[in-house]
Amino acid sequence: EVCPHDDPCDALALVVDGDANTVTTIGCTLDDLANIPISAQTEISSWVSFVAPASGCIDIDFNFTVGVHPIFDTDSALALYQADGATCDSFPFQELAFNNDFDGLDPRIVIDTTSAILLSEGTTYYVMIGGMFGDEVTGNLRITDPCKLTPSNSASLPPTHAPTTICPHDDPCDA
């Protein structure tokens with residue numbers, strides 16, 4: 001089987017707040033570690049891309065497909081990247097976030113108002129889904145906006161994305 005999204009320039013384009021998509025590293029080739037820094041010991045990977053929402057927040061969640069993830073036999077990782085230039089082949093990539101084990105062995109990356117960074121609205125970002133130590137992984141990937149703007153809070157959003165005004169319930173007292 002050939003990996004259809006083996007390279008960032010062939011990344012599966014996902015829509016934020018869209019449906020979950022099946023992603024696999026089966027058939028993918030070795031990673032290009034010279035141009036794409038990876039915080040994990042992944043050897044093969046698949047790629048997706050998305051355009052950052054207005055809030056600058058993102059939740060990237062990968063869950064193994066039923067029957068593919070025998071307990072402790074397979075491990076995966078996610079890494080979030082921004083290209084150095086305007087296109088996917090603008091190397092080197094800058095790694096913005098990485099996660100190996102969020103929920104058991106399922107990785108997840110969350111950037112919200114409590115994070116050190118927010119993403120830039122309208123910018124394309126790339127997500128590497130990799131198997132640790134060469135593991136082949138298959139699962140469902142979903143990208144959502146945990147700080148989704150609504151008509152009631154969008155008017156108060158300043159151009160600098162001040163963290164206190166993005167999410168209406170970013171404080172336990174506002175819940």
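Before reading on, note that the structure itself is shown above.
Residues numbered from 1 in each chain as written. Predicted model: local features only at pLDDT ≥ 70, side-chain atom pairs only at ≥ 80, totals over all residues. Heavy atoms only, no water.

**With respect to the overall build of the protein chain**
Okay, step 1: Each helix and strand counted, the protein chain has two helices and nine strands in total.
Okay, step 2: Counting only residues that meet the buried cut, the protein chain has 43% of its 175 residues in that class.
Okay, step 3: The contacts of the protein chain with a sequence gap of at least 6 include a subset with a gap of at least 24, amounting to 74%.
Okay, step 4: As displayed, the protein chain offers around 8700 Å² of accessible surface, 53% of which is attributable to carbon and sulfur atoms. (Helix = DSSP H or I, 4+ residues; strand = E, 2+ residues; numbered from the N terminus. Buried < 20%, exposed > 50% of the residue type's maximum accessible area, 1.4 Å probe, protein only. Contact = heavy atoms within 4.5 Å. Areas by Shrake-Rupley, 256 points an atom, 1.4 Å probe, with all protein chains shown as cover.)

**As for the nonpolar core**
Okay, step 1: Counting residues in each nonpolar core, the largest one holds 22 residues, and the members touching the most others are Phe50, Ile60, Leu80, Ile129 and Leu141.
Okay, step 2: Of all the secondary structure elements, the ones that give two or more residues to this core are β3 (42-51), β4 (58-64), β5 (76-82), β7 (108-111), β8 (124-132) and β9 (138-144).
Okay, step 3: By residue number, the principal contributor to this core is β4, which donates four residues.
Okay, step 4: Every residue in contact with Ile60, bar those within four places of it in the chain, is listed here: Phe50, Leu78, Leu80, Pro107, Arg108, Ile109, Val127, Leu141, Arg142 and Ile143. (Core = buried A, V, L, I, M, F, W, Y, C linked by side-chain atoms within 4.5 Å.)

**Describing the side chain of Asp59**
Okay, step 1: Note on placement: Asp59 falls in strand β4.
Okay, step 2: The exposure class of Asp59 is buried, given its relative accessible area of 9%.

**Digging into the pattern of salt bridges**
Okay, step 1: According to the stated counting rule, one finds two salt bridges in the structure shown.
Okay, step 2: Asp17 is the salt-bridge partner of Lys148, the closest N and O atoms lying 3.5 Å from each other. One end of the pair, Lys148, is in the loop between β9 and α1 (151-154); the other, Asp17, is in the loop between β1 (12-13) and β2 (21-24), and 131 residues separate them in sequence.
Okay, step 3: The residue Arg108 makes a salt bridge to Asp59 at a minimum N-O spacing of 2.5 Å. Of this pair, Arg108 sits in strand β7 while Asp59 sits in strand β4, placing them 49 residues apart in sequence. (Salt bridge = Lys/Arg side-chain N within 4 Å of Asp/Glu carboxyl O.)

**Overview of unusual backbone geometry**
Okay, step 1: At Asp17, a position not held by glycine, the phi torsion is positive, near 70°.
Okay, step 2: Assessed through its relative accessible area of 29%, Asp17 is described here as partly exposed.

**Let's talk about the state of the cysteines**
Each disulfide consists of a covalent bond between the sulfur atoms of two cysteine residues.
Okay, step 1: Scanning all chains against the criterion turns up one disulfide.
Okay, step 2: Note on cysteine connectivity: Cys3 is disulfide-linked to Cys28, with sulfurs 1.9 Å apart. Looking down the S-S bond of the Cys3 and Cys28 bridge, the torsion is 50°, so its handedness is right-handed. Of this pair, Cys3 sits in the segment before β1 while Cys28 sits in the loop between β2 and β3, and the two are 25 residues apart along the sequence.
Okay, step 3: The exposure class assigned to Cys28 is buried, which follows from its relative accessible area of 11%. (Disulfide = S-S within 2.5 Å.)

**Describing the sheet that holds β2**
Okay, step 1: Strand order in this open sheet of four strands is β2-β9-β4-β7, and the pairing throughout is antiparallel. Looking at the sheet topology across the chains shown, the edges are occupied by β2 and β7. Here the strands of the sheet are splayed against their neighbours by 25° on average, with no regard to which way each runs.
Okay, step 2: In this structure, β4 lies alongside β9, joined through six bridges in antiparallel fashion. Considered in β9, the bridge of Asp59 is made with Thr144. (Pairing = 2+ DSSP bridges. Axes fitted to C-alpha atoms, helices over the stretch in contact; angles between N-to-C directions.)

**With respect to the side chain of Thr138**
Okay, step 1: Mapped onto the elements, Thr138 comes out in strand β9.
Okay, step 2: Separated by 2.7 Å, the side chains of Thr138 and Thr24 make a polar contact. (Polar contact = N/O pair within 3.5 Å; in protein donor to acceptor, adjacent residues only side chain to side chain.)

**Focus: the packing of aromatic side chains**
How two aromatic rings sit relative to each other is given by the distance of their centres and the angle of their planes.
Okay, step 1: Within this structure, the stated rule accounts for five aromatic pairs.
Okay, step 2: Consider the rings of Phe50 and Tyr125, whose centres lie 5.9 Å apart with planes at 25°: the pair is stacked. You can see Phe50 sitting in strand β3 and its partner Tyr125 sitting in strand β8, a full 75 residues away along the chain.
Okay, step 3: With a relative accessible area of 2%, Phe50 lands in the buried category.
Okay, step 4: Each member of the aromatic cluster is reached from another via a ring pair, and the members are Trp47, Tyr81, Phe93 and Tyr126. (Phe/Tyr/Trp six-rings, centres within 6.5 Å; stacked < 30°, edge-to-face > 60°.)

Nothing here speaks to function; it is geometry throughout.
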